[in-house]
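Structural description and commentary
The chain contents come next:
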Amino acid sequence: SSGYEPGSTFKPFTVAIGLEEAIISENSTFVCDGGEYVGAWYVSCSNRYGHGELTLAEALMKSCNDAMMQIVRLEGRDLFYKYQKYFSFGQKTGIDLPGEESGIITSLEKLNAAELATSSFGQTFNVTMLQMAAGFSSLVNGGYYYQPHVVKEIMNDQKATVKKIEPLLVRRTISEETSKFIREAMYQTVEMGTAKPAKVEGYAIGGKTGTAEKFPRNQGNYIVSFLGAVPALNPEIVIYVVIDEPQNVPRQ
């Protein structure tokens, strides 16, 4: 029920939208020069000196804000907003728990150039951990968005099953082809990209790190996270860890 800005863990969603709508392809390349002028603002990349030329997979591996802003500009606000709804952001997932929040996404009429650009890398809107885990599951499982559940079955005193909760497919979010690309790119991100610290010996892990600056900005307070799946190319489990303002570390 706690809302927060997801940061870079949202980037696979931005890429998936572009692939699904054939706005970009796996062979697309982008030039990162350190940032983009958006409306009246200059929005910088995490690498202020620029990443140079990147493939689509490298844009995820190196967590390039500039490439994401270029992709979302091609997608446009109508499409981006529509897919945010597809992935159940801004609405309750309907999980069998009390007190679920719906998060807050920027309304379509307020999704102007600057808001759209920063939304591409997970700022200016609020999510819950549950929404992110459920949405990411659909990104890596072939595009199937299931209603999340805590309870699998209810048994009586005699251990007889009174009720069994069957998986409920809510909608198809993306194609298997798009999902395959995301799985592979997430695997490369852990193997060779910004999520290298998430490697665990003996496991093939795919995933994305996130660093979201909290309000008020420029106070040096962050929410850091890792959203991943294992085994990377044929996932069975999605793992999501969020740390609110890590303490006693040189860099949050």
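My aim in this report is to walk through the structure given alongside it, one point at a time. (Residues numbered from 1 in each chain as written. Predicted model: local features only at pLDDT ≥ 70, side-chain atom pairs only at ≥ 80, totals over all residues. Heavy atoms only, no water.)

Details of the pattern of salt bridges
A side chain with one charge may pair with a side chain of the opposite charge, provided their charged atoms come close. What counts is decided by this rule: Think of a salt bridge as a Lys or Arg side-chain nitrogen and an Asp or Glu carboxyl oxygen that are within 4 Å of each other. Here the term buried applies to any residue with accessible area under 20% of the maximum for its type, exposed to any over 50%, and partly exposed to those in between, with areas from a 1.4 Å probe on protein chains only.
Summed over all chains, the structure comprises seven salt bridges. As a salt-bridge pair, Glu176 and Arg183 come within 2.7 Å of each other at their nearest N and O atoms. Among the residues examined, Glu176 registers a relative accessible area of 37% and is labelled partly exposed. A relative accessible area of 10% means that Arg183 is categorised as buried. Put simply, Lys214, Asp244 and Glu245 are held in one network by salt bridges that share partners.

Notes on the packing of helix 1 (residues 11-20) against helix 5 (residues 129-140)
Put simply, the test is: Note on geometry: axes are C-alpha line fits, over the in-contact stretch for helices, and angles between N-to-C directions span 0 to 180 degrees. Numbering goes from the N terminus for both helices and strands, where a helix is a DSSP run of H or I of at least four residues and a strand is a run of E of at least two. When describing relative orientation, an angle under 35 degrees is termed roughly parallel and one over 145 degrees roughly antiparallel, while 65 to 115 degrees is termed roughly perpendicular and anything else oblique. Should the near helix be turned anticlockwise from the far one by less than a right angle, the crossing is termed left-handed; should it be turned clockwise, right-handed. Here, residues are in contact when the closest pair of their heavy atoms is within 4.5 Å. Residues are grouped as follows: Ala, Val, Leu, Ile, Met, Phe, Trp, Tyr, Cys and Pro are nonpolar; Asp, Glu, Lys and Arg are charged; all remaining types, including Gly, are polar.
The geometry of helix 1 relative to helix 5 is characterised by a closest axis approach of 11 Å and an angle of 40° between their N-to-C directions. Relative to helix 5, the element helix 1 lies oblique. In this structure, helix 1 crosses over helix 5, and the sense of that crossing is left-handed. Judged by residue contacts, Pro12, Phe13 and Ala16 of helix 1 engage Met132, Gly135, Phe136 and Leu139 from helix 5. Tallied by class, the residues present in the contact of helix 1 with helix 5 amount to six nonpolar, one polar and no charged.

Details of helix 5
Quick reminder of the rule: Expected span, for any helix, means 1.5 Å times one less than how many residues it has.
Here helix 5 is 12 residues long and its end C-alpha atoms lie 17 Å apart, about the 16 Å a rise of 1.5 Å per residue gives. Taken residue by residue, helix 5 has Gln131, Met132, Ala134, Gly135, Phe136, Ser138, Leu139 and Val140 as its buried positions. Buried residues belonging to helix 5 abut helix 1, strand 5 (144-146), helix 6 (176-192), strand 10 (222-230) and strand 11 (237-244). Immediately downstream of helix 5, the backbone of Gly142 shows phi near 100°, a positive value.

What about the packing of aromatic side chains?
Counted only if it meets this: Think of it this way: a Phe, Tyr or Trp ring, Trp meaning its six-membered ring, pairs with another when their centres are within 6.5 Å, and the plane angle makes it stacked under 30 degrees, edge-to-face over 60, tilted otherwise. The criterion for a charge sitting over a ring is simple: Lys NZ or Arg CZ within 6 Å of the ring centre, and within 35 degrees of the ring normal.
Inspection of every chain in the model, using the stated rule, returns nine aromatic pairs. Seen from their ring centres, Phe10 and Phe13 are 5.0 Å apart, and the 20° between their planes marks the pair as stacked. Under the relative-accessibility criterion, Phe10 is labelled buried at 1%. A residue is classified by how much of its surface remains accessible, and Phe13, at 0% relative accessible area, is buried. Here the aromatic rings of Phe13 and Phe87 are separated by 5.0 Å at their centres, their planes lie at 85°, and the arrangement is edge-to-face. Taken together, the positions of Phe13 in helix 1 and Phe87 in the loop between helix 3 (65-86) and helix 4 (113-119) put the pair 74 residues apart, joining distant regions of the chain. You'll find Phe13 and Phe87 in the same group, each marked buried. Three or more aromatic residues joined by ring pairs make a cluster, and in this case those are Phe10, Phe13, Phe80, Tyr83, Tyr86, Phe87, Phe89 and Phe125. Between the NZ or CZ atom of Arg172 and the centre of the ring of Tyr144, over which it lies, the distance is 4.2 Å.

Some points on unusual backbone geometry
Here Phe215 and Pro216 are connected by a cis peptide whose omega angle stands at -10°. Mapped onto the elements, Pro216 comes out in the loop between strand 9 (206-213) and strand 10. Looking along the chain, the bond that leaves Val230 and enters Pro231 is cis, with omega of -15°. Residue position: Pro231 is located in the loop between strand 10 and strand 11. Despite not being glycine, Thr124 shows a phi value in the positive range, around 75°. When you line up the elements, Thr124 lands in the loop between helix 4 and helix 5. What makes Thr124 partly exposed here is its relative accessible area of 29%. Of note in the backbone geometry, Glu245 takes a positive phi value of approximately 50° without being a glycine. Mapped onto the elements of the fold, Glu245 is located in the segment after strand 11.

Remarks on the sheet that holds strand 9
Adjacent strands of a sheet pair through backbone hydrogen bonds, lying either parallel or antiparallel. Which entries qualify depends on this criterion: Only strands joined by at least two bridges in the DSSP assignment are considered to pair.
Reading across from one edge, 9-10-11 is the order of the three strands in this open sheet, with antiparallel pairing throughout. Of all the strands in the sheet, the pair left with one neighbour each is strand 9 and strand 11. Each adjacent strand pair in this sheet contributes to an overall mean axis angle of 10°, direction not counted. Across the sheet, helix 5 is in contact with strand 10 and strand 11; its angle to strand 11 comes to roughly 145°. Sitting on the sheet, helix 6 touches strand 9 and strand 10, and the angle it makes with strand 9 is about 75°.

What about the environment of His149?
Heads up, the condition is: Counting of polar contacts relies on pairs of N or O atoms within 3.5 Å, with two restrictions inside protein: one atom must be capable of donating a hydrogen and the other of accepting it, and residues adjacent in sequence are counted only when both atoms are side-chain atoms.
Residue placement: His149 occurs in the loop between strand 5 and strand 6 (153-155). By relative accessible area, which is 35% here, His149 ends up partly exposed. Separated by 83 residues in sequence, His149 and Ala232 have C-alpha atoms that sit 23 Å apart. With residues near it in sequence (within four places) discarded, His149 still touches Ile95, Asp96 and Ile165. Side-chain polar atoms of His149 contact the side chain of Asp96, separated by 3.5 Å.

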